[in-house]
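# Chains, contacts and geometry: an overview
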Protein chains: 2
Amino acid sequence: MEWTCPLPLRDYPTIVMGHGAGGQLSAELTEHLFLPAFRNPALEALTDAAVLPSLGGPLVFSTDAFVVRPLFFPGGSVGELAVNGTVNDLAMAGAIPLHLSAAFILEEGLPLETLGRIVARMAEAARRAGVHIVTGDTKVVERGHGDGCFIATTGVGVLRKGVELSPAAVRPGDVILCSGYVGDHGMAVMSVREGLEFETLIESDCQPLHTLAAAILEDPGPVRVLRDPTRGGLASALHEIARQSNVGLRVDETALPVRPEVRAACELLGLDPLHVANEGKLIAVVAPEAAEAALARMRRHPAGADAAIIGLATDAHPGVVAVRTAVSATRVLNMIFGEQLPRIC
Amino acid sequence: MEWTCPLPLRDYPTIVMGHGAGGQLSAELTEHLFLPAFRNPALEALTDAAVLPSLGGPLVFSTDAFVVRPLFFPGGSVGELAVNGTVNDLAMAGAIPLHLSAAFILEEGLPLETLGRIVARMAEAARRAGVHIVTGDTKVVERGHGDGCFIATTGVGVLRKGVELSPAAVRPGDVILCSGYVGDHGMAVMSVREGLEFETLIESDCQPLHTLAAAILEDPGPVRVLRDPTRGGLASALHEIARQSNVGLRVDETALPVRPEVRAACELLGLDPLHVANEGKLIAVVAPEAAEAALARMRRHPAGADAAIIGLATDAHPGVVAVRTAVSATRVLNMIFGEQLPRIC
């Protein structure tokens, strides 16, 4: 994760407008910073588009912009988020993630060392996820017109054979599985931003989920849908599934894995862990007869060690998500309306 | 290009942080603004990734971030740029452009009407270029931490059969063709930004170039390389080709199509038209025996009506770009070093 500024870049210790102007400074940034970190044959061509082999199957395509504040937080940075966020969107669609692009919008004055560290973390995350960053772009905006470093990543992958995921496939009786503790990412970012201190440091769960998804999809037939509950938390992900399937979902609050320190932080900030972002968790809706086997496969995977069955699909309240609380009451789980945890990813 | 704010969005006439929070406001923006404008089956699934048919050939993949100021300028807006810029990067690699993704980074306070107009122009540009915007993302940053609207678009396409483009293929004697007047885009943006007034309004040349590229590639064998000279202008594009091919390039300044009003604006601002950005022009390097036929095909296409042969590849000065001036002197054409025309795209 260390980064040493290479010689040709040392005359400009911070980003200047020229780094985005398409001239010599732009070329130096590409050749001495991005290329060494991300090196692969497609990127080496240094053209505006990467030419890659045929995928040999249906294309899966996803994009995300990352504007997290601060750029570095316990357990990760905008760099890991930018790679894993896009890898996970592909994985949730049932794809094998293959290639990533990265577009940087840098603010004049950003220390080159900060960019170097972000890029090193992206490169490491890409290696871990088995993807290549094959093409990119860098723009620079004047001081006060950006915020350090925004990154938009886009991924392409190929759909796994035999996989057909859709909320429309969800049926009453289907089982909802969650791959582990929820709320870690959102609370890690909020804690450092709000200066909260707990006995235990809350770390982001930012990690790639494609191999966990692959484990679940070893038996693809009974898997209805996969989702990574990022912005808006589990609530938004469940809402989308309920709405798109027009089936009701019922979650058992007591079954939901939440770390004590995350629960404490949520209470302090008046938040529901179900509304807090995750960056390394998934939910799977699976046919009832296949749920236990899917759970076992998840638990054998490091990213799913704390997986649990957290609820069921039901015909009792089509399109609505309900939570059964610790005192056996039932409440409707609302999606957040607007702002709650800004710039969490 | 007109845009009327749909009913569910009217409670929030400007972008608020909640539009990027992944909750109900985010969903409303997607469903009532992006979906109606970009509508296509892949986008309608409203998932984080688009699942698309197999491409059936080599994948071409390109990304660009767009941070132009102002957002609207004579002849275009950030919306047309975001679509055509990525379409053209695919086209220059010899691809048929197929699918686009769009990631928006919006600043709190951006009028929804402005976003609506940008999105309408993107939709129109996508229709014109024959591509679909199949997936996207929206993030919002606090007032003063962004600049209205940044857009990162990524495109995928399939490589045209029989096409093999590479600067490494350039040989001394090859002919350099330019598809039309250079410097229009950069001077259109600079004129409005600097408040310059000329008798004739300078308009951006922003347009898709994939069908012009297709016309040139009707006979693909003799075509060495295609480039769209955007940021850094013709100089940067020629430099890249010269450097990557290790062949010298010589451009005849008198053969270069430059509009009188663009030349006047350049003189006023102390700029060389060869350094000024284009968004609807391409250069092609073609084997000498095929140059006249390629020029004829270009001129039959509306986007190439003013095409001209502007120079030659030479073994006289490997890797160097030289310009033969109007007084028959020869000067070395340098790439811009750093800032010259900031935020032109």
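Residues take numbers from 1 onward in each chain, read along the sequence in its written order. Starting at A for chains and at 1 for ligands, labels are handed out in the order in which the entities are written. The predicted nature of this model means local features are confined to residues of pLDDT at least 70 and side-chain atom pairs, given and counted, to a pLDDT of 80 or more, with totals for whole chains, interfaces and linings taken over all residues.

## Observations concerning the interface of chain A and chain B
For the purpose of contact definition, each residue receives a C-beta atom placed from its backbone, and two residues are in contact when these atoms lie within 7 Å. Counting residues at the interface gives 64 residues for chain A, matched by 64 residues for chain B. Every element with two or more residues in the side of chain A that touches chain B is listed here: α1 (24-38), β1 (50-52), β2 (59-66), α3 (78-92), β5 (95-107), β6 (132-141) and β7 (149-159) of chain A. By the criteria applied, helices consist of DSSP H or I runs no shorter than four residues and strands consist of E runs no shorter than two, each listed in order from the N terminus. The element contributing the most residues to the side of chain A that touches chain B is β2(A), with 7 residues. The residue classification treats Ala, Val, Leu, Ile, Met, Phe, Trp, Tyr, Cys and Pro as nonpolar and Asp, Glu, Lys and Arg as charged. All others, Gly included, are polar. Considered class by class, the residues forming the side of chain A that touches chain B number 33 nonpolar, 22 polar and 9 charged.

## Quick look at unusual backbone geometry
Residue and element names in this part refer to chain A. Omega for the peptide link from Arg-69 to Pro-70 comes to -5°, which places this bond in the cis form. By the secondary structure assignment, Pro-70 is in the loop between β2 and β3 (72-73). Phi at Leu-46 is positive, roughly 50°, even though this residue is not glycine. Within the secondary structure, Leu-46 is located in the loop between α2 (41-44) and β1.

## Focus: the pairing of strand β9 (residues 223-227) of chain B
Residues and elements named next belong to chain B. With C-beta atoms placed from the backbone, a residue is buried if 20 or more other C-beta atoms are within 10 Å of its own, exposed if 12 or fewer are, and partly exposed between those counts. The buried fraction of β9 amounts to 5 of the 5 residues, a majority that puts the element mostly inside the structure. For two strands to be treated as a pair, DSSP must find no fewer than two bridges joining them. Bridge analysis of β9 against strand β11 (residues 283-286) gives 4 bridges, and the strand direction is antiparallel. Bridge pairing links Val-225 to Val-285 in β11.

## Examining the nonpolar core
To count as a nonpolar core, a set of buried Ala, Val, Leu, Ile, Met, Phe, Trp, Tyr and Cys residues must be joined through C-beta atoms within 7 Å. Ranked by internal contacts, the top residues of the largest apolar core, which has 247 residues, are Val60(A), Leu177(A), Val60(B) and Leu177(B). Every residue in contact with Val60(B), bar those within four places of it in the chain, is listed here: Ala49(A), Val51(A), Leu90(B), Ala93(B), Ala95(B), Val156(B), Gly157(B), Val158(B) and Leu159(B).

## Brief notes about the confidence of the model for chain A
Predicted confidence across chain A gives a mean pLDDT of 95, with 99% of residues reaching 70 or more. Across the interface, the model reports ipTM at 0.96; the global pTM reads 0.97. As a per-residue quantity, pLDDT reports the predictor's confidence and falls between 0 and 100.

## Some details on the sheet that holds β11(B)
Residues and elements named next belong to chain B. Taken in spatial order, the 7 strands of this open sheet run β9-β11-β8-β12-β10-β13-β14, and their pairing is mixed. The open sheet has two free edges, formed respectively by β9 and β14 (330-332), since each of these has just one partner strand. Each adjacent strand pair in this sheet contributes to an overall mean axis angle of 25°, direction not counted. Note on definitions: angles span 0 to 180 degrees between N-to-C directions of axes, and those axes are lines fitted to C-alpha atoms, for helices only across the stretch in contact. Sheet contacts for helix α9 (residues 291-299): β8 (175-178), β11 and β12 (308-314); angle to β8, the most-contacted strand, approximately 5°.

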